[in-house]
Each structure stands twice: as C-alpha cells, then as structure tokens.
Amino acid sequence: MGESRSPALLILNQMAGPMTWELAEDLGAALGGVALLTGHPDTLAKGSRETVQLYPAAPYQRGGYLRRALSWLRYLVQAFFWLWRMPRNAPLLLFSNPPLLPWLGCLMRRLRGQRYAVMVHDVWPDVLVRMGVWPERHPAVRLWRWLNRRSYERADVVMTLGETMAANLARQFDPQRTRHGHIEVIPPWADTGVIRPIPKEENWFAREHDQVGKLTVMYSGNMGMAHDIETMLAAAQRLQDTPDVHFMFIGAGPKWPWVADTIHEHGLANVTLMGWQPEEALPFSLAAADVGLVSLETDADGLAMPSKVYSMMAAGTALLGLSRQTSDLQKLIEQHKCGVNVEPGDVDGFVQAVMRFRNETSSLDVCRQRSRRAAEKVYSRDVNIRRVHQFLTPLMDIDTGRTRRQSEPL
C-alpha cells in the first residue's frame, strides 16, 4: 500500500501478534488496504506490505502494574494523534490491548464521527478485581466500568473470544445498545495451512530432540506467575521413571528460571526446557507434541482465553487442560471431545490423564484427530477472519461509499 492511498480500515493493537497480523493481511487484501498501529517488535519487523501499512508505537512493558499502565498511556496518546492524521471516514478496529483503547473509539466517534468495532481479548477491570489489586467498589473500578459501558454501547459491534467471556462482558453494558445488537464470539484462530500434523519420523524437531517413539507432553508459551506450571512439573517428577513419557517446556516468562532450577535440583532427565523458538520452527515444535498442555489460571476464568489452544489443535495434539470445570477451556475440550481437563493443582488427576494417553493409544489418536478436525472446521484462519470481515462490513458503508466500492469478498 503506497503512502498516497488512504487505508480502508484502521487497526489499533499495542500487542499485535501473529493473529492480528494475519487479520490485517487478509482484511487488507479484501478491503484494498489497512493501517495497523502497534508496538509489537516482531510484527513491526515484518515491514509494511502493499495492503498493510505498519506504524510503530510505544511497546507494551511487562512487569508491575505501574509499568504496564505507563506503557498503555504512552500508546494511547500516540494513538490519539495518529488518528487525527488519518482519514475520518476510515472506521476503527480496536483491540483491548491496551484495555483503555475502546475509550478512544468513543472519543473519536464524538469528535470525528468515526465508527468503530471492539475486539476484547481480556476483560478489564475484572482482571484487577480478581487479582485483588482493587476492590469492586473502588472509585477507579467504578469509573473504569462507566467508561467501558459508554465505549462498548457506542460501538458498532463488540467481539470477544469465548461464551463465558461474552457473558462477563454483558454484565458491564447492554449489548442491545450497540448497532449490532449483541456480542459476537470470535475464537482465536490458527493457520491450519501452516500449522498441521507432521509424523514424528518426518519432523526434524522431533528427531533432533529425541521424541520419536515417546509420548511428548508439551507446554509452549508464556510461563507467567499465574500459570500452573507447578502441577505440570510435579507430574513430571512422579513420571521420571517412565522413560517413554517426556515433558517439553518451550517459551519464557517469570517461571522459566524456576523450571530450570527444578529440573537441575531433581535431575529430571524426562524434561526438556527451551526458550522461544524462531517463528519458522513453530509448526514443527507444535507438531512434535502428542499432548498439549494449557493452563487457564483460576483468576482468569471467563476473562481471557489462551490462543495457544488453537495452534495446538491445528497441529493435531490432544489437549490436557488445567482449569476450572466451568471455564471456556473445559467447555471447548468437552464440546470437541479432544482431551481432558483437570482442576488446577490436581497432580493426581494430571498424572492419571497422562498415563491414560500413554496406555490407550487408540483414544489418544482419536483425540488428536478430533483436535485437527475442529481446528479446520471451527478455529481456522479462513473461517474466523471471514466472520470478522462480515461484522465489519456495515462500518464500511460510509458517506462517500469509497470503501464499499474497493472491498472484495474474502
């Protein structure tokens, strides 16, 4: 997209990872060009394309809440001035990264008449209330909820990742007051053409790490303080004398050093710990897993949904979840019958699930096939980006009609 061409859609997401990039690519191709404002270094490193113009902004800062809040505010200020340089007839797609961003949509609608949609990946301020940072009746929480209500109700459409998240969101505002009339659920997706099952004998990653002929139980992603890595490692300790069961932890985060120390302290030869892998290696690392581990912390139940679930399903792994029995993760596993979910902290239940996968290979194969089938039919990139495009179409019907004439079906 050249600098002279006006974008048909403005996408704002401070942490625009692979899913947002894929969305920008596909919507850009369909609409004739989009602009994306992000601080994600990996996405910015891709560089602008003909139909996706990238604009750098303040990156998200992990750490304490004050550090995060300051990075949110920096991004928000940059987004405000960036939008003033953009055409007012280009609608906005606002992610909840930072969680204050929907407020900016409401302000731009009032000041410039811009229409906007919201994609909620984390439900705030509920996260702060659940974590005990602020009580429900704190003035800041009450103000936050008031601003959320105004912002969501003035949006054309509000989308989120799961049914439980949608139910929690609906307690913050009246979805019928949006133009769309209700909250749409758009689950995280996986590119099923890139991430797919690969037999271990043909998978260089599995061969290189000696996983051929073993049951590979893999955690891949952020090892945050709230993720139940403890239950996984406790299970690995109990199974260290079962040579054909091997645990792999791939990623980074506050608990990574603790995992390394535990492996060393207990001499866990059945555990491999690795850092983040290059993007081009991800399809092979995920496909090396027979069982994919997902931890949905109790405090995040109904407030977030880990996107790694869908990549694991695309790779054809059975799922072993650690979450409440009322969580969206449990509902997904139950709906597609593609694995087992146990309560966080239930080491006995976790070990039993792993051993059942080991001993009942036919059941494991069925779970893996069901995961892949669900990924293709329900959680694929094509299916869900088409749905996003469908819900954004009404926003494109703007006074000049320019966007509608440019757009093509996905």
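Residues numbered from 1 in each chain as written. Predicted model: local features only at pLDDT ≥ 70, side-chain atom pairs only at ≥ 80, totals over all residues. Heavy atoms only, no water.

> Where do I start with unusual backbone geometry in this structure?
Backbone geometry follows two general trends: most residues other than glycine have a negative phi, and most peptide bonds adopt the trans configuration. Cis rather than trans, the peptide bond between N97 and P98 has omega equal to 5°. Structurally, P98 is set in the loop between β4 (92-95) and α4 (101-112). Residue P125 is bonded to the preceding W124 through a cis peptide linkage, with omega at 5°. Here P125 lies in the loop between β5 (116-120) and α5 (126-130). The backbone phi angle of D210 is positive, close to 60°, even though this residue is not glycine. Here K337, not a glycine, exhibits a phi torsion of approximately 50°, which is positive. (Helix = DSSP H or I, 4+ residues; strand = E, 2+ residues; numbered from the N terminus.)

> Whenever I open this one, the state of the cysteines confuses me. Can you help?
By definition, a disulfide is the covalent link that joins the sulfur atoms of two cysteine residues. Following the criterion strictly, the structure yields 0 disulfides and no others. Not engaged in a disulfide, the cysteine C367 finds its nearest cysteine sulfur in C338; these two sulfurs lie 6.9 Å apart. Residue class for C367 comes out buried when judged on its relative accessible area of 12%. (Disulfide = S-S within 2.5 Å. Buried < 20%, exposed > 50% of the residue type's maximum accessible area, 1.4 Å probe, protein only.)

> Can you help me understand a nonpolar patch on the surface in this one?
Where nonpolar side chains cluster on the molecular surface, the patch consists of Y65, M131 and V133 and spans about 230 Å² of accessible area. The class of V133 is partly exposed, set by a relative accessible area of 33%. (Patch = residues over 30% accessible without salt bridge, like charges linked within 9 Å, V, L, I, M, F, W, Y side chains within 5 Å. Areas by Shrake-Rupley, 256 points an atom, 1.4 Å probe, with all protein chains shown as cover. Salt bridge = Lys/Arg side-chain N within 4 Å of Asp/Glu carboxyl O.)

> Explain the pairing of strand β11 (residues 291-295) to me, please; I cannot follow it from the model alone.
Consecutive residues of a regular strand have side chains that alternate between opposite faces of the sheet. When you tally the buried positions in β11, you get 5 out of 5 residues, the bulk of the element. Of the two faces of β11, the one lined by V291, L293 and S295 and the one lined by G292 and V294 are each fully buried. Sheet analysis places strand β8 (residues 215-222) next to β11, joined by 2 bridges and oriented parallel. Each residue of the ladder has a partner; that of M218, found in β11, is G292. By the bridge criterion, 5 bridges tie β11 to strand β12 (residues 318-322) in an arrangement that is parallel. Paired with G292 across the two strands is L319, which belongs to β12. (Pairing = 2+ DSSP bridges.)

> Even after reading the chapter, I still don't get the sheet that holds strand β6 (residues 157-160), so can you show me in this structure?
Backbone hydrogen bonds hold the strands of a sheet together, and the pairing may be parallel or antiparallel. Strand order in the open sheet made by the 7 strands is β3-β2-β1-β4-β5-β6-β7, with parallel pairing throughout. Every other strand in the sheet has two partners, leaving β3 (52-56) and β7 (184-185) as the edge strands with one partner each. Bridge count between strand β1 (residues 9-12) and β4: 3 bridges; the pairing is parallel. For I11, the partnering residue across the bridge sits in β4 and is L93.

> Which parts of the structure should I look at to understand the packing of aromatic side chains?
Aromatic ring pairs are described here by two measures, namely the spacing of the ring centres and the angle between the planes. In the structure shown here, the tally under the stated rule is 11 aromatic pairs. With a centroid separation of 6.0 Å and 10° between ring planes, the pair formed by W124 and W144 is classed as stacked. Placement of W124 in the loop between β5 and α5 and of W144 in helix α6 (residues 139-153) is noted, with a sequence separation of 20 residues between them. Measuring from ring centre to ring centre gives 6.3 Å for Y219 and F249, while their planes differ by 35°; the resulting arrangement is tilted. In this pair, Y219 is assigned in strand β8 and F249 in strand β9 (residues 245-252), connecting sequence segments 30 residues apart. Here Y219 matches F249 in class, with each residue buried. Above the ring of W84, the side-chain terminus of R112 is found at 5.0 Å from the ring centroid. (Phe/Tyr/Trp six-rings, centres within 6.5 Å; stacked < 30°, edge-to-face > 60°. Lys NZ or Arg CZ within 6 Å of the ring centre and 35° of its normal.)

> Hey, could you run me through the packing of helix α3 (residues 65-84) against α4 in this one?
Packed helix pairs are specified by the crossing angle of their axes together with the interaxial distance, meaning the distance between the axes. At a minimum axis separation of 11 Å, α3 and α4 run at an interaxial angle of 30°. In terms of orientation, α3 lies roughly parallel with respect to α4. In this structure, α3 crosses over α4, and the sense of that crossing is right-handed. Facing Y75, L76, A79, F80, L83 and W84 of α3, the residues of α4 in contact are L101, L104, L107, M108, L111 and R112. For the contact of α3 with α4, the per-class residue count stands at 11 nonpolar, no polar and 1 charged. (Axes fitted to C-alpha atoms, helices over the stretch in contact; angles between N-to-C directions. Parallel < 35°, antiparallel > 145°, perpendicular 65-115°, else oblique. Left-handed = near helix turned anticlockwise from the far one by under 90°. Contact = heavy atoms within 4.5 Å. Nonpolar A, V, L, I, M, F, W, Y, C, P; charged D, E, K, R; others polar.)

> What is the right way to read the packing of helix α9 (residues 229-238) against helix α10 (residues 256-266) from this model?
At a minimum axis separation of 11 Å, α9 and α10 run at an interaxial angle of 15°. With respect to α10, the axis of α9 lies roughly parallel. Judged by the twist between their axes, the crossing of α9 over α10 is right-handed. Residues I229, E230, L233 and Q237 of α9 form the contact with α10, whose participating residues are W258, V259, T262 and H266. Its residues assigned to classes, the contact of α9 with α10 comprises 4 nonpolar, 3 polar and 1 charged.

> Help me understand the nonpolar core, please; the structure alone is not making it clear to me.
As a rule of thumb, soluble globular proteins bury nonpolar side chains together. Ranked by size, the top nonpolar core spans 59 residues in total, and within it L10, L12, M313 and L332 carry the most contacts. The element best represented in this core is α3, accounting for 6 residues. Membership of the second largest hydrophobic core comes to 33 residues, among which are V217, M232, L322 and C367. (Core = buried A, V, L, I, M, F, W, Y, C linked by side-chain atoms within 4.5 Å.)

> So what exactly am I meant to see when it comes to the confidence of the model for the protein here?
Residues at a pLDDT of 70 or more form 93% of the protein, whose mean pLDDT is 90. Note that pLDDT drops below 50 for residues 399-409; the model gives that stretch 19 contacts with residues more than four away or on any other chain. (pLDDT = per-residue confidence, 0-100.)

> Help me understand helix α13 (residues 328-336), please; the structure alone is not making it clear to me.
Structurally, the α-helix is built with 3.6 residues per turn, so residues lying three or four positions apart point the same way. Restricting attention to buried positions, one finds in α13 the residues D328, L329, Q330, L332, I333 and H336. Buried residues along α13 sit against α7 (163-170), β11, α12 (308-314), β12, β13 (339-342) and α15 (361-377). In the segment just after α13, K337 is the residue with positive phi, at about 50°.

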